[in-house]
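Below, each chain spelled out in residue letters.
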Amino acid sequence: MMSRTRASRWIVRAAVAAVTAVLLTVGLAGVAAAREAGPATMTPASRYAVAASSFPVGTGNSNPYSPAYRHPYRHGVLPTIGRQRLMRSWAARQPVSAQPQPSENVTYGGGFNGPAVTTGHEKVYLVFWGSQWGQQSTASNGDVALSGDPSGTAPYLQQLFKGLGTGGEAWSGVMTQYCGDVAYNTEFCPANSLHVSYPSGGALAGVWVDERTAAPVQATGNQLGAEAIAATAHFGNTTAASNRNAQYVILSPTGTNPDGFNTPNGQFCAWHDDSSDPDLPGGPVNSPLDVAFTNMPYVTDAGLGCGMNFVNPGSAGLVDGVSIVEGHEYAETVTDQYPPAGWTDVQGAEVGDLCAWNPPGPGGTNDLTLPSGAFAMQSIYGNDLGGGAGGCEFSHPTVRNNWILNSGFETGTFAHWTTSGVTSIVSAGAHSGKFAARAGRPTASNGNSSIVQTFTARGTHLSFWYNVSCPDTVAQSWATATLTDITAHTVATVLAKTCQAHSGWRQVSYLVISGHSYTLTLTSHDDNDTKAGDGTYTLFDDAANY
């Protein structure tokens, strides 16, 4: 029997399909026209004659040319370039509506009391399914290579996911503007919501070459989901918690056609879903676990149709489509992990769909240079581009979760903080932004001046910046900070007493336990030397828990 949570998801899924049908009857060409008239970065000329902004890709169920038409489990489906043209041509022929169109931005699907976006460190597991992958070898960099991999897909994807989140790359930052645990239909994430995580240090969590048997020539959705469940056992991820931020990329070998890939009735490059989807051909996987997975065919078998040489000419572009296609599905999984509970537009398109096959250039598909190599990657839709108008972004500053409220004092007040002694908000000398907090003052004061906040940690790191001005010695005056773990009943001194004439801005970092309640106390102590007339004071700024 389907749980209430899952039943709710499929009710909403049906509602999304109904909305799509209504939109089509009132005229999707109006949406197409609006997109064509959108920002220039979304409509560059294309050698493939793909109008990048004309119609969202992957909206599927009502467009007869979409690979998702009558295949509702193909979430975030990336059509071949030729099929995308047919989808948009069909949409442009529909009746034009005189009614105002809804926002083109994506909104939050509600989560359905379960995970909707990847808010912890991303864990990507690459599963090379089938004995057809051939003999294994290991390169000096640790990558697995396979004799049945003529395009070199295996090492290429390993290097991609090792490189994401390293070297300061900003492509991954686009997804961090999205969040979970917010109200249904939220368009812009409120302050201190639980954002998609940045994959610091890389996203690759494991590689498995499953050569127990040959992969099916044309695997069903159920078989693909079952392989993902088999991978959970292989990697020891046997609980819902261990799969909370995981996605399993099921890679089929060359010459196979999973779910009809590279056939006349399967003109797609990849799609993603979860293993408990009752719409999967063959039914949901019989397992207590529900995991996110991607159907990743051997995309170079489809040649130019799935992105070969889309960015780079000659042999350098042989695997362009591999990273474009898998990057598309990865971005959609972290923002819609168990679809359609995460971020989609009113027609069901996800953040990768809305920017699919944009040609090279601003807002398009380009090489992403990582410490591990250069990889052709598509842009990702961002609601915040153009002041909230939305559009395709190839880079974005990382939005980090922060559970300390008014952490940079940018309200110009001590909102959410408790103060004692002599404190003030200052508008000069802040570490960042316009304001900082000052405890103490340049003239003598008596004893401790403190700012305090109690918070529940949602991340494992605590940090803050301080700048102490102390004309005495540490025996008389100082700056200090303590962290009380209310849950564990412990107190830690995270900044030992320090006294320097002008320390400059310095950062304190400390590991905390997610879920525990803490009280952070930032203190400046002065010895009240009225004869000398000087005082010790400390600026504090940019506290963070992430």
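Refer to the structure presented above.
This report concerns the structure included in the present document. Fair warning: this is a prediction, and the values are worked out from it, not measured in the lab.

Describing the state of the cysteines
- Following the criterion strictly, the structure yields four disulfides and no others.
- A disulfide bridge connects Cys-179 with Cys-189, and the sulfur atoms are separated by 2.1 Å. One quick way to see it: the torsion about the S-S bond of Cys-179 and Cys-189 is about -100 degrees, and its sign makes the bridge left-handed. Within this pair, whereas Cys-179 is found in strand β6 (residues 179-180), its partner Cys-189 is found in the loop between β6 and β7 (194-195), the two being separated by 10 residues in sequence.

A look at the side chain of Glu-169
- Mapping Glu-169 onto the fold places it in the loop between α4 (153-163) and β6.
- Buried Glu-169, no salt bridge; nearest opposite-charge side chain is Arg-400, N-O distance 9.8 Å.
- A polar side-chain atom of Glu-169 sits 2.8 Å from the main-chain amide nitrogen of Gly-165.

Overview of the sheet that holds strand β1 (residues 75-79)
- Taken in spatial order, the six strands make up an open sheet running β1-β10-β11-β9-β3-β8, and their pairing is mixed. At either margin of the open sheet sits one strand with a lone partner, and together these are β1 and β8 (204-210). When strand polarity is set aside, the average angle formed by the axes of neighbouring strands in this sheet is 15 degrees.
- Bridge count for strand β9 (residues 246-251) against strand β11 (residues 292-296) is five bridges, and the pairing is parallel. In the strand pairing of β11, Val-249 is matched with Thr-294.
- Together, β1, β3 (123-129), β9, β10 (268-274) and β11 form the strand contacts of helix α6 (residues 320-335), whose direction differs from that of β1 by roughly 160 degrees.

Observations regarding α4
- Burial analysis of α4 places nine of its 11 residues in the buried class, which makes it a mostly covered element.
- Restricting attention to buried positions, one finds in α4 the residues Thr-153, Ala-154, Tyr-156, Leu-157, Gln-158, Gln-159, Leu-160, Phe-161 and Gly-163.
- Looking one or two residues past α4, Gly-165 carries a phi angle of roughly 80 degrees, positive in sign.

Topic: the sheet that holds strand β17 (residues 418-420)
- The five strands are arranged β17-β20-β25-β22-β23 in an open sheet whose pairing can be described as antiparallel. The strands lining the two open edges of the sheet, one partner per strand, are β17 and β23 (490-498). If you compare each strand with its neighbour and ignore which way they point, the axes differ by 15 degrees on average.
- The pairing of strand β20 (residues 446-456) with strand β25 (residues 517-527) spans 11 bridges and is classified as antiparallel. Looking across to β25, one finds that Thr-456 is bridged to Ser-517.

The rules behind the values
- Residues numbered from 1 in each chain as written.
- Predicted model: local features only at pLDDT ≥ 70, side-chain atom pairs only at ≥ 80, totals over all residues.
- Heavy atoms only, no water.
- Disulfide = S-S within 2.5 Å.
- Helix = DSSP H or I, 4+ residues; strand = E, 2+ residues; numbered from the N terminus.
- Buried < 20%, exposed > 50% of the residue type's maximum accessible area, 1.4 Å probe, protein only.
- Lys, Arg positive; Asp, Glu negative; His and termini not counted.
- Salt bridge = Lys/Arg side-chain N within 4 Å of Asp/Glu carboxyl O.
- Polar contact = N/O pair within 3.5 Å; in protein donor to acceptor, adjacent residues only side chain to side chain.
- Pairing = 2+ DSSP bridges.
- Axes fitted to C-alpha atoms, helices over the stretch in contact; angles between N-to-C directions.
- Contact = heavy atoms within 4.5 Å.

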